[in-house]
Amino acid sequence: DLGGTFIHPTQNLTVGLAFKNLGFVMSEYSEASETKVPFDIQVGVTFKPEHMPLRFSFTTYNLASAGGDYDNPDTEIDDLNSLDKIMSHIIIGAEILFHRNVNVLLAYNFLKGQELNTENSGGKGLSIGAAIDIKAVELVVSRSSFSVGNGAYSFTLNANIQKMIFKKRTI
């Protein structure tokens, strides 16, 4: 993988670019197999409007392949129109900034929502979470609906060791 990030020096704007799974297959398991590395290009933009307690994120993915859009196997024609095909490469997200140390996170992945859409399913492709930052430790808890009937829960604990060890000392 190869990537880079640009952080604007004065605005609350971050742009990232990632080339994922760069490489090739050196040897196959059998002569009949044709394994391909799932190469992907992703671009993400995050910005926070001035004087607004929200941060918005847009991530595009599967940019290296025109295919990969959802195709409903129950029908013979492609279910997605042009706008849906564009949206199937985009994840939108927002962060509600209640306090500098407390945030609520929301995101929607259109492609996952289409792939998992059934009559009785709601919220597929939707992710929600909360982040709490206490001194040098951050805890993030989230729930994603990427499987029919179940949600996936994620717990992330980040610790800034440098902040913990080298506290600012005043004389």
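The present account deals with the structure reproduced in this document. (Residues numbered from 1 in each chain as written. Predicted model: local features only at pLDDT ≥ 70, side-chain atom pairs only at ≥ 80, totals over all residues. Heavy atoms only, no water.)

Side note on the overall build of the protein chain
Here is step 1: In terms of helices and strands, the protein chain carries 3 helices and 9 strands.
Here is step 2: For the protein chain, the α and β elements follow one another from N to C terminus as β-β-β-β-α-β-β-α-β-β-β-α.
Here is step 3: Counting only contacts in the protein chain whose residues sit at least 6 apart along the sequence, the fraction spanning at least 24 positions is 34%.
Here is step 4: For the protein chain, the accessible area works out to roughly 12,800 Å², and carbon and sulfur atoms hold 59% of it. (Helix = DSSP H or I, 4+ residues; strand = E, 2+ residues; numbered from the N terminus. Contact = heavy atoms within 4.5 Å. Areas by Shrake-Rupley, 256 points an atom, 1.4 Å probe, with all protein chains shown as cover.)

Quick look at unusual backbone geometry
In terms of backbone geometry, most residues other than glycine have negative phi values and most peptide bonds are trans.
Here is step 1: Not every positive phi belongs to a glycine, and asparagine 21 is a case in point at roughly 60°.
Here is step 2: One non-glycine residue with positive phi stands out, namely lysine 135, at about 55°.
Here is step 3: Taking relative accessible area as the criterion, lysine 135 reaches 77% and is therefore assigned exposed. (Buried < 20%, exposed > 50% of the residue type's maximum accessible area, 1.4 Å probe, protein only.)

Digging into the layout of surface pockets
Here is step 1: Considered as a void within the structure, the largest pocket measures approximately 210 Å³ in volume.
Here is step 2: Along its surface, the largest pocket is lined by 15 residues, and Gly93, Ala94, Leu105, Leu106 and Ala107 are the ones closest to its centre.
Here is step 3: Within the residue set of the lining of the largest pocket, elements represented by two or more residues are strand S4 (54-60), strand S5 (90-99), strand S6 (102-109) and strand S7 (126-134).
Here is step 4: Class assignment for the residues of the lining of the largest pocket results in 7 nonpolar, 6 polar and 2 charged. (1 Å grid on protein atoms, 1.4 Å probe; cavity = no way out; pocket = protein on both sides within 12 Å on 5 of 7 lines; lining within 4 Å. Points joined across faces, edges and corners; volume = space filled by probe spheres on them. Nonpolar A, V, L, I, M, F, W, Y, C, P; charged D, E, K, R; others polar.)

Structural notes on the packing of aromatic side chains
Here is step 1: Counted according to the given criterion, the structure contains 2 aromatic pairs.
Here is step 2: Taken together, a centroid distance of 5.6 Å and an interplanar angle of 40° make the contact between phenylalanine 47 and phenylalanine 56 tilted.
Here is step 3: Look at phenylalanine 56 and you get partly exposed, because its relative accessible area is 25%.
Here is step 4: Arranged with centres 6.3 Å apart and planes meeting at 15°, the rings of phenylalanine 47 and phenylalanine 58 form a pair that is stacked. (Phe/Tyr/Trp six-rings, centres within 6.5 Å; stacked < 30°, edge-to-face > 60°.)

Examining the pairing of S5
Here is step 1: Pairing geometry for S4 and S5, over 7 bridges, is antiparallel. Note on S5: the bridge partner recorded for threonine 59 is isoleucine 91.
Here is step 2: Hairpin geometry of S5 and S6 is characterised by an intervening segment of 2 residues between the two adjacent antiparallel strands. (Pairing = 2+ DSSP bridges.)

Thoughts on the pairing of strand S1 (residues 2-7)
Here is step 1: Counted residue by residue, S1 has 0 buried out of 6 residues, so it is predominantly exposed.
Here is step 2: Bridge analysis of S1 against strand S2 (residues 13-20) gives 6 bridges, and the strand direction is antiparallel. Residue pairing in the sheet places threonine 5 in a bridge with glycine 16 of S2.
Here is step 3: Hairpin connection between S1 and S2: a loop of 5 residues separates the two successive antiparallel strands.

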